[in-house]
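Architecture at a glance
Here are the chains, one letter per residue:
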Amino acid sequence: MKTRFAATLLAVLPAFAEKSGAEPLPSWRDGAAKSAIVGFVQRVTAPGSPDFVHPAERIAAFDNDGTLWSEKPMYVQARFALDRVRALAAGHPGWKTEEPFASVLRGDDRKALAGGEQAVLKIIAASHGGTTAEQFSASVERWLAQARHPATGRLYTDMTYQPMVELLAYLRENGFKTFIVSGGGVAFIRPWCEGAYGVPPEQVIGSSVRLRYEVRKDEPVVVRQPEIDFVDDKAGKPVGIQRHIGRRPVIAFGNSDGDFEMLEWTTAGPGPRLGVIIHHTDEQREWAYDRESPVGRLDRALDEAPARGWRVVDMRRDWRQVFSPAKD
């Protein structure tokens, strides 16, 4: 019920603002970034404009971690996976001596993740497989209902960025179909994305484990396997978009070098295109990080943004408000 109410509210707010004459994107400060976004939307949606984009082609793609919600000090899904390993440990006695699980069970998450991508993929595969699709979704919803960010004490779903929530709604009001294109797990995002962003689960593209159809006790189910099927990051993002949407986006938002290829592919298309990078510069209200960060590293994309015509949003300068209002 709460999810449906939140999605409905997100859908009607832009229309109310339009009718009341309110300025779009109220959590954005007036400046070059906001003007570029609003100006682009106005150009591509105005009938008769030389930049007019047919509604069927109005596709906007958004990274999730660090673009729509906070990714510091650790990706939210990584925290979920670590907690899930601990919850499942009783059924896997071998994990007590097998890395990276042994470190997780000792409470040494730093050492568990020191193995880099291979360790993370191993944890994800083991903690995300073995259940039906419905069971996994339920486990995500239960965890998000009580898990809190270690620095702010807020629910993770309250760590979404208000300016970006407004932007998603503004684009939909102007005929865009908004997609989440994340390196995170598609099945992790789908249970809560509609309530948080107004994006329905079928418009989420992400990394995935292998799936298998079974009939268990006369009930047909889709079962998640402990094996990575597709990683929707870096060069995988354009592949995932083409596979699931079949259209090149007109707009792409990201925040790290993991989004480089999505931005590159989007803006290389014919006609009007908009590529935007969210730059984390606000150590007071959030975090300031870019080139040296192990999470959300932004280096090459930041260097090449001016030459490629990508807009860089300075979080400290361009956003009046960072986080969406807490719901509790």
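Here, every reference points to the structure presented above.
Residues numbered from 1 in each chain as written. Predicted model: local features only at pLDDT ≥ 70, side-chain atom pairs only at ≥ 80, totals over all residues. Heavy atoms only, no water.

Section: the side chain of His128
As for its position among the elements, His128 is in helix 6 (residues 116–128). Residues in contact with His128, not counting those within four places in the same chain, are Gln77, Phe80, Ala81, Phe136, Val209 and Arg224. (Helix = DSSP H or I, 4+ residues; strand = E, 2+ residues; numbered from the N terminus. Contact = heavy atoms within 4.5 Å.)

Some remarks on the pattern of salt bridges
Tallied over the full model, the rule gives 23 salt bridges. The partner of Arg212 in a salt bridge is Glu214, and the shortest N-O contact between them spans 2.2 Å. On the basis of relative accessibility, which here comes to 16%, the residue Glu214 falls in the buried class. We note a salt bridge from Asp303 to Arg291, for which the minimum N-O separation is 2.8 Å. (Salt bridge = Lys/Arg side-chain N within 4 Å of Asp/Glu carboxyl O. Buried < 20%, exposed > 50% of the residue type's maximum accessible area, 1.4 Å probe, protein only.)

A closer look at the pairing of strand 7 (residues 311–314)
The pairing of strand 6 (residues 274–279) with strand 7 spans four bridges and is parallel. By the bridge assignment for strand 7, His279 is matched with Asp314. You can see the chain leave strand 6, run along helix 13 (residues 300–308) and come back into strand 7, and the turn it takes is right-handed. (Pairing = 2+ DSSP bridges. Right-handed = clockwise from strand over helix to strand, strands pointing away.)

Considering the packing of aromatic side chains
In this structure the tally under the stated criterion is 13 aromatic pairs. Ring centres of Trp69 and Trp192 lie 4.4 Å apart, and the angle between their planes is 25°; on these two criteria the pair is classed as stacked. In this pair, Trp69 sits in the loop between strand 1 (59–62) and helix 3 (76–88) while Trp192 sits in the loop between helix 9 (186–189) and helix 10 (193–197), placing the two residues 123 residues apart along the sequence. The burial state of Trp69 is the same as that of Trp192; both residues are buried. Three or more aromatic residues joined by ring pairs make a cluster, and in this case those are Trp69, Phe80, Phe136, Trp143, Tyr156, Phe188, Trp192 and Tyr197. Of note, Arg224 hangs over the ring of Phe136, and the distance from its end group to the ring centre comes to 3.9 Å. Between the NZ or CZ atom of Arg243 and the centre of the ring of Phe230, over which it lies, the distance is 4.8 Å. (Phe/Tyr/Trp six-rings, centres within 6.5 Å; stacked < 30°, edge-to-face > 60°. Lys NZ or Arg CZ within 6 Å of the ring centre and 35° of its normal.)

Remarks on a nonpolar patch on the surface
Where nonpolar side chains cluster on the molecular surface, the patch consists of Leu211, Tyr213, Val215 and Val222 and spans about 410 Å² of accessible area. Ranked by the residues each element gives to the nonpolar patch, the list is headed by strand 3 (residues 204–216), at three residues. By the element assignment, Tyr213 lies in strand 3. (Patch = residues over 30% accessible without salt bridge, like charges linked within 9 Å, V, L, I, M, F, W, Y side chains within 5 Å. Areas by Shrake-Rupley, 256 points an atom, 1.4 Å probe, with all protein chains shown as cover.)

Quick notes on the sheet that holds strand 2 (residues 177–185)
Strand order in this open sheet of seven strands is 4-3-2-1-5-6-7, and the pairing throughout is mixed. If you trace the sheet from one side to the other, it starts and ends with strand 4 (219–230) and strand 7, each paired once. Strand-to-strand, the axes of this sheet are offset by a mean angle of 35°, without reference to chain direction. As paired strands, strand 3 and strand 4 are joined by eight bridges and run antiparallel to one another. Bridge pairing links Arg216 to Glu219 in strand 4. Most of the contacts of helix 12 (residues 260–267) go to strand 6, to which it runs at about 155°, and overall it touches strand 1, strand 2, strand 5 (251–254) and strand 6. (Axes fitted to C-alpha atoms, helices over the stretch in contact; angles between N-to-C directions.)

Some details on the packing of helix 3 against helix 7 (residues 133–146)
Closest axis-to-axis distance for the helix 3/helix 7 pair is 11 Å, and the angle between their directions is 105°. The pairing of helix 3 with helix 7 is recorded here as roughly perpendicular in orientation. The residues of helix 7 that touch helix 3, namely those facing Val76, Arg79, Phe80, Asp83 and Arg84, are Phe136, Ser139, Val140 and Trp143. A breakdown of the residues in the contact of helix 3 with helix 7 according to their chemical character gives five nonpolar, one polar and three charged. (Parallel < 35°, antiparallel > 145°, perpendicular 65-115°, else oblique. Nonpolar A, V, L, I, M, F, W, Y, C, P; charged D, E, K, R; others polar.)

A closer look at helix 7
Between the first and last C-alpha of helix 7 there are 21 Å, a value that for 14 residues agrees with the 20 Å anticipated at 1.5 Å per step. Every buried residue belonging to helix 7 is among Phe136, Ser139, Val140, Trp143 and Leu144, and all of these are buried. The buried side chains of helix 7 occupy one side of the element, clustering within an arc of 125° when seen end-on. Relative to its buried face, helix 7 has exposed residues pointing more than 90 degrees away, namely Glu134, Arg142 and Ala145. Residues of helix 7 that are buried sit in contact with helix 3, helix 6, helix 9 and strand 4. (Expected span 1.5 Å × (residues − 1). Arc of directions from axis to C-beta.)

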